[in-house]
Amino acid sequence: MYAEERQEAIAKLVIAKGRASVAELAQAYDVTTETVRRDLAALDKAGVLRRVHGGAVPVRALHLVETGVGERETTRSAQKDAIAAAAAEFFPLSGASVLLDAGTTTARIAAQLPTDRELVVVTNSVPIAARLAGMPSVTLQVLGGRVRGLTQAAVGEQALRVLDTLRVDIAFIGTNAISVRHGLSTPDSDEAAVKRAMVKSANYVVVAADSSKVGREELVSFAPISSVDTLITDSEITDADRREFTEQGVEVVTA
């Protein structure tokens, strides 16, 4: 296979999968990792792919584009359900406080809240608040502010002021992308500001993200990998990615 043919094949694979590691590509095309890195450098220079730590992602993964809640709700739903079930093991005992970030995966986690213990729950998500408002075991605190129609999440100064006064036992955080180099990231700066404040307010941070987000990098980083205690993802995460996060002190739970 000529270099041009291999690079075209690599580009198609990365675009189809959403990401690929150097080791994975080297094995797939029976070349050295150095050759793959040269291929990725050429594709990055041509604007076809974006090199990230340990591999590559499609250029589109870095654009300022967000999908709405309705579209994301049906995307990788089986993986999100499994992640939510695994996250249920992290709910604290009665009397503790839980913060639930907005998102379709965290909404599934909210549905797993136990009814046999009393918890204080803080959220900026309109759908999560609506779901939990009628639960007698939950003392619900909803963060105010401007609600983004795209994500149905409250953002802005009002939410930030309240978060600055809070200290919660555990926070379940969603993210559009996660990588060792860029940390947790999202396309929108207002959303990022609230997520950053949420991470800062928590004693323990659990990130719930399916494996399609691993290795991706969005415009605005809102937290470094060092701020994450546990990543709950699906079984499609690669061994290389799992090892990379573990080396950074992150517990990786696969659902």
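So, how was this worked out
Residues numbered from 1 in each chain as written. Predicted model: local features only at pLDDT ≥ 70, side-chain atom pairs only at ≥ 80, totals over all residues. Heavy atoms only, no water. Axes fitted to C-alpha atoms, helices over the stretch in contact; angles between N-to-C directions. Helix = DSSP H or I, 4+ residues; strand = E, 2+ residues; numbered from the N terminus. Parallel < 35°, antiparallel > 145°, perpendicular 65-115°, else oblique. Left-handed = near helix turned anticlockwise from the far one by under 90°. Contact = heavy atoms within 4.5 Å. Nonpolar A, V, L, I, M, F, W, Y, C, P; charged D, E, K, R; others polar. Pairing = 2+ DSSP bridges. Expected span 1.5 Å × (residues − 1). Buried < 20%, exposed > 50% of the residue type's maximum accessible area, 1.4 Å probe, protein only. Arc of directions from axis to C-beta. 1 Å grid on protein atoms, 1.4 Å probe; cavity = no way out; pocket = protein on both sides within 12 Å on 5 of 7 lines; lining within 4 Å. Points joined across faces, edges and corners; volume = space filled by probe spheres on them.

S.K.: It is not clear to me how the packing of helix H1 (residues 3-17) against helix H2 (residues 22-29) should be interpreted in this structure. Could you clarify?
M.R.: A pair of packed helices can be characterised by two numbers: the angle between their axes and the separation between those axes. Interhelical geometry of H1 versus H2 gives an angle of 130 degrees and a closest axis separation of 11 Å. The angle between H1 and H2 places the two elements in the oblique class. Regarding H1 and H2, the two cross each other, and that crossing is right-handed. The residues of H2 that touch H1, namely those facing Arg6, Ala9, Ile10, Leu13 and Lys17, are Glu24, Leu25 and Tyr29. Looking at the contact of H1 with H2 residue by residue, the classes come out as five nonpolar, no polar and three charged.

S.K.: What should I look at first to understand the pairing of strand S11 (residues 183-186) in this one?
M.R.: Where a strand is regular, its side chains alternate between the two sheet faces. Bridge count for strand S10 (residues 177-179) against S11 is three bridges, and the pairing is antiparallel. If you follow alanine 177 over to S11, its bridge partner there is serine 185. Between S10 and the antiparallel strand that follows it, S11, lie three residues.

S.K.: Teacher, can you tell me more about H1 here?
M.R.: What sets the pattern is the α-helix's 3.6 residues per turn: residues three or four places apart point alike. For H1, spanning 15 residues, the distance from its first C-alpha to its last is 21 Å, which sits close to the expected 21 Å at 1.5 Å a residue. Taken together, the buried positions of H1 are occupied by Arg6, Gln7, Ile10, Ala11 and Val14. Seen end-on, H1 carries its buried residues on one side only, within an arc spanning 140 degrees. Away from the buried face of H1 by more than 90 degrees, exposed residues Glu4, Lys12 and Ala16 are located. Buried-residue contacts for H1 involve strand S1 (20-21), H2, helix H3 (33-45), strand S2 (49-52) and strand S3 (55-58).

S.K.: Which parts of the structure should I look at to understand the sheet that holds strand S13 (residues 220-223)?
M.R.: Within a sheet, neighbouring strands are paired by backbone hydrogen bonds and run either parallel or antiparallel to one another. Read from one edge to the other, the open sheet built from three strands follows the order S10-S11-S13, with strand pairing classed as antiparallel. Here the strands that pair on one side only, and so sit at the sheet edges, are S10 and S13. Neighbour to neighbour, the strand axes of the sheet diverge by 35 degrees on average, direction disregarded. Inspection of the sheet shows S11 paired to S13 by three bridges, in the antiparallel sense. Bridge assignment links leucine 184 to a residue of S13, and that residue is alanine 223. Lying on the sheet, helix H9 (residues 189-201) is in contact with S11 and S13; it crosses S13 at an angle near 15 degrees.

S.K.: Explain empty space enclosed by the protein to me, please; I cannot follow it from the model alone.
M.R.: Taking a probe equal in size to a water molecule and rolling it over the atoms shows the remaining empty space. In the structure shown here, the tally under the stated rule is two cavities of 30 Å³ or more. The computed volume of the second largest cavity comes to approximately 60 Å³. Contributing to the lining of the second largest cavity are Arg19, Val52, His53, Ser179, Val180, Val214, Gly215, Glu217, Asp241, Glu244 and Phe245. It is helix H10 (residues 239-247) that contributes the most residues to the lining of the second largest cavity, three residues altogether. A breakdown of the residues in the lining of the second largest cavity according to their chemical character gives four nonpolar, three polar and four charged.

S.K.: Help me understand the sheet that holds strand S15 (residues 251-254), please; the structure alone is not making it clear to me.
M.R.: The sheet built from seven strands is open, its strands ordered S6-S5-S4-S9-S12-S14-S15 with parallel pairing. If you trace the sheet from one side to the other, it starts and ends with strand S6 (138-142) and S15, each paired once. Mean inter-strand twist for the sheet, computed between neighbouring axes without regard to direction, equals 20 degrees. Relative to strand S14 (residues 230-233), helix H5 (residues 77-87) is tilted by about 140 degrees, and along the sheet it contacts strand S9 (170-173), strand S12 (205-208), S14 and S15.

S.K.: Explain the layout of surface pockets here, please?
M.R.: If you add up the space inside the second largest pocket, you get close to 160 Å³. Every residue lining the second largest pocket is listed: Arg19, Ser21, Val22, Ala23, Thr33, Arg37, His53, Gly54, Ala240, Asp241 and Glu244. Mapped by element, the contributors of at least two residues to the lining of the second largest pocket are H2, H3 and H10. Per element, the largest residue contribution to the lining of the second largest pocket is three residues, and it comes from H10. The residue makeup of the lining of the second largest pocket, split by class, is three nonpolar, four polar and four charged.

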